[in-house]
Amino acid sequence: MKKTLIIVFIISMLFNMLYVLKLFLVKKHKSEITNLYEVKPINKSKGLDNFKQELIHLNPDLFNNTESYFIQTWDTIRCSNNIIDYMQQLDNIALKFKNNKLCFLFISEMSDEQINKYVRDHNINFKKFKTLNNLGDFISSIYHQKSKKFKKASLQFMINKQGDIIYHKNSLFIEPLNDSILINELNKYN
C-alpha cells in the first residue's frame, strides 16, 4: 500500500511538473510576440515599404511581375488545426490561378525562424501560397488604415501595388469554397 501511494505521488508530481512546464513555454512564446495584437500608428507608406522590402527579399519577381496581392494574416499562437485546414483550402483555391496577376501570401509579424519551425513541425506544405514574415509595420498599417486599435481576428485582404486595399474582411475561417464574396473577388483575376 505504501509503495502504491509513493508511485501515485510521483506520477502526480510528474504531471504537475509537465503542467508547469507547459505554462512556462506558452508564456515564453507569448512574450516573444508581446505587441502582436496592438496596432501601432504606422502610415501606409512606411507599411508598404516594409511589405516591399520583405517581398523583394523573398523573390523579386513576386514584386516586379504581380499586379495585386491576396493576403491572409496568421500567427502560430492562434493557429489551430482548423486554421491550418483553412489555409490549405485557400492554397488549393489559389492553384486555379495560372497567371501572375495575383500573388497569394500568408503573412505574419513573427520571424522567419518562428514560422519556418512551426510549418516544419506541423508538416505544412503550401503549393501556391508563399509565407512572408517580419511584417509588423505592414500589418499595423493595414489595421491603422481601417481605424482598428487591436488585431482581434485574422485579416484577409487584397492590395494593389500602390498598397490600396481593394478587398478586406476579418477572416472568420468560413469554408473558402462556400465564401461567395471571396470567390467572386478572386475570379476577377482569373
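Criteria and thresholds
- Residues numbered from 1 in each chain as written.
- Predicted model: local features only at pLDDT ≥ 70, side-chain atom pairs only at ≥ 80, totals over all residues.
- Heavy atoms only, no water.
- Core = buried A, V, L, I, M, F, W, Y, C linked by side-chain atoms within 4.5 Å.
- Buried < 20%, exposed > 50% of the residue type's maximum accessible area, 1.4 Å probe, protein only.
- Helix = DSSP H or I, 4+ residues; strand = E, 2+ residues; numbered from the N terminus.
- Contact = heavy atoms within 4.5 Å.

A. Layout of the nonpolar core. Counting 24 residues, the largest nonpolar core has Phe 70, Trp 74, Leu 90, Phe 104, Phe 106, Phe 129 and Leu 186 as the members making the most contacts within it. Of all the secondary-structure elements, those providing two or more residues to this core are helix H4 (81–94), strand S2 (102–107), helix H5 (112–121) and helix H7 (180–187). Filtering out sequence-adjacent residues up to four positions away, Phe 70 remains in contact with Leu 90, Leu 102, Cys 103, Phe 104, Leu 105, Phe 129, Gln 156, Phe 157, Met 158, Tyr 167, Leu 182 and Leu 186.

B. Representation of the environment of Asp 61 within the structure. Looking at the element boundaries, Asp 61 is found in helix H3 (residues 60–64). On the accessibility criterion, Asp 61 (45% relative accessible area) is partly exposed. Separated by 39 residues in sequence, Asp 61 and Asn 100 have C-alpha atoms that sit 9.6 Å apart.

C. Spatial organisation of the environment of Asn 92. Relative to the helices and strands, Asn 92 resides in helix H4. Relative accessible area serves as the criterion here: at 40%, Asn 92 is assigned to the partly exposed category. Sequence separation between Asn 92 and Phe 126 is 34 residues, and the spatial gap between their C-alpha atoms is 8.6 Å.

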